[in-house]
Amino acid sequence: MISKQLGKTGITVPAIGIGTWKLGINPEDEIKAIKDGISHGMTLIDTAEMYHTETIVGQAIRSEKGVFVATKVSPNHFGYEDVISACNRSLQNLGIKTIDLYQLHWPNPNIPIAQTMRAMEQLVKEGKIRHIGVCNFDVDELKEAQEATKSNEIVSNQVEYSVFARDIEEGVLQYCNKQKITIIAYSPLARGELYNEGTDAFDILGKIAKRHKRTISQVALNWLISKPYVIAIPKAASHQHMVENANSCDFKLSKEDLDDIDSIKTNFRPVSSRLNKFTKSTSSVWANLMDKSENFR
Ligand code: NAP
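Being a predicted model, the structure only gives us computed values, none of them experimental.

Criteria and thresholds
Residues numbered from 1 in each chain as written. Predicted model: local features only at pLDDT ≥ 70, side-chain atom pairs only at ≥ 80, totals over all residues. Heavy atoms only, no water. Helix = DSSP H or I, 4+ residues; strand = E, 2+ residues; numbered from the N terminus. Rg over C-alpha atoms; globule rule 2.2 N^0.38 Å. Buried < 20%, exposed > 50% of the residue type's maximum accessible area, 1.4 Å probe, protein only. Contact = heavy atoms within 4.5 Å. Areas by Shrake-Rupley, 256 points an atom, 1.4 Å probe, with all protein chains shown as cover. Core = buried A, V, L, I, M, F, W, Y, C linked by side-chain atoms within 4.5 Å. Pairing = 2+ DSSP bridges. Near = heavy atom within 4 Å. Polar contact = N/O pair within 3.5 Å; in protein donor to acceptor, adjacent residues only side chain to side chain. Nonpolar A, V, L, I, M, F, W, Y, C, P; charged D, E, K, R; others polar.

## Comments concerning the overall build of the protein chain
- A tally of regular secondary structure across the protein chain gives 12 helices and 10 strands.
- Relative to the compact-globule value of 19 Å for 297 residues, the protein chain shows a C-alpha radius of gyration of 18 Å, a close match.
- By principal-axis analysis of the C-alpha atoms, the protein chain measures approximately 55 × 40 × 40 Å.
- Residues classed as buried in the protein chain amount to 57% of the 297 residues present.
- Taking contacts inside the protein chain between residues at least 6 apart in sequence as the whole, the part at least 24 apart equals 75%.
- A total accessible area of about 13,300 Å² is found for the protein chain, and carbon and sulfur atoms account for 48% of it.

## Concerning the nonpolar core
- Counting 83 residues, the largest nonpolar core has Y102, L104, M117, F164, L194 and L205 as the members making the most contacts within it.
- The residues contacting L104, other than those within four sequence positions of it, are V73, F78, I113, T116, M117, M120, G133, V134, C135 and F137.
- Listed in part, the 13 residues of the second largest apolar core include A70, W106, Y186 and V271.

## Overview of the pairing of strand β5 (residues 68–73)
- Burial within β5 is extensive, with six of its six residues counted as buried.
- Residue alternation in β5 divides its side chains into two sets, F68, A70 and K72 and V69, T71 and V73, and both sets are buried.
- Sheet analysis places strand β4 (residues 44–46) next to β5, joined by three bridges and oriented parallel. Across the sheet, I45 pairs through a bridge with V69, a residue of β5.

## Some points on the site of the ligand
- In the vicinity of the ligand, 29 residues are found, and the nearest of them are D46, S187, L189, K235 and H241.
- At 3.3 Å, a backbone N or O of A190 approaches an oxygen atom of the ligand.
- The side chain of S217 places a nitrogen or oxygen atom 3.1 Å from a nitrogen atom of the ligand.
- Considered on its own, the ligand offers 900 Å² of accessible surface; in the complex 88% of this is hidden by protein.
- When residues in the shell around the ligand are grouped by element, the largest group, three residues, is from helix α9 (residues 239–246).
- Here the shell around the ligand is built from residues that sort into 13 nonpolar, 11 polar and five charged.

## Some remarks on the environment of L6
- Along the chain, L6 falls in the loop between β1 (3–5) and β2 (12–14).
- The exposure class of L6 is buried, given its relative accessible area of 0%.
- Setting aside anything within four residues of it in sequence, one finds L6 in contact with I11, T12, V13, F68, H131, V155, S156 and T182.

So, in structure tokens, the structure goes:
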């Protein structure tokens, strides 16, 4: 496993961590898979209050050392007191005293970002969180969030990024590189759609994988983490997938491979294109995506 610096902090995190959205179907096996991932160097684990997987993560890391825990506060909890309460609930669910990276899950234009960041900074002061991150922020939203954060830096922006979803290359990626903000690539395996047989994309990725004696997932993850400031958090529910993903760092894609990846055409529809902003009109889509029917304000 290779490590990368987190934002401008002096600390490093693994280039490949563990995503946990949609875990909870076979908790026992999933906890075992997370532990396998940790033992293979995937010591960053990403969860969110909205995923309802914090307790699974808590159980998986209970006797582990050196794990970096990232979780998220939902946009309907961006009011000052709501952020504090959500953090306390997450700490309890995870069974830890400090969250390493606390992230705003999606921009919420209905609540002033200064209010949300005041709460995040208070949590840093109290030692309940170590670092502040955001998710799904565009460049303007990032600038606003940076301005609202007085004594801390925004260390990361978690965004959808994969060989199938490359929208962030239009601006967010460059801005984050310039500002030394880590990009945490979510849905790095296009939620499993890389494996849709009979597509051009499947053939192209298959050809590259064959050249390197690797799998399609390993090619897709290697492509992401070979970029500066980018780390990836694939979700895997089994030992086999977890270990395969962990072993994605130790080869180098050639110019020919990169050109082939650039030629991929796909009908894949990123989550982010359906949900540019968290507003009343998108909140139900958001809730559905998260498999929840909670009422969002
Ligand atoms: P993903 O990681 O792109 O894909 C997960 C799918 O790929 C699962 O079906 C998984 O199957 C399969 N898979 C994993 N490893 C594989 C391998 N080696 N070979 C074949 N198939 C493999 O999708 P994701 O869960 O959407 O994204 C990852 C994480 O990003 C999430 O879990 C979450 O932590 C985060 N995320 C964040 C946001 C946000 O708004 N911040 C949004 C979406 C996701 P199995 O489960 O059967 O192993």
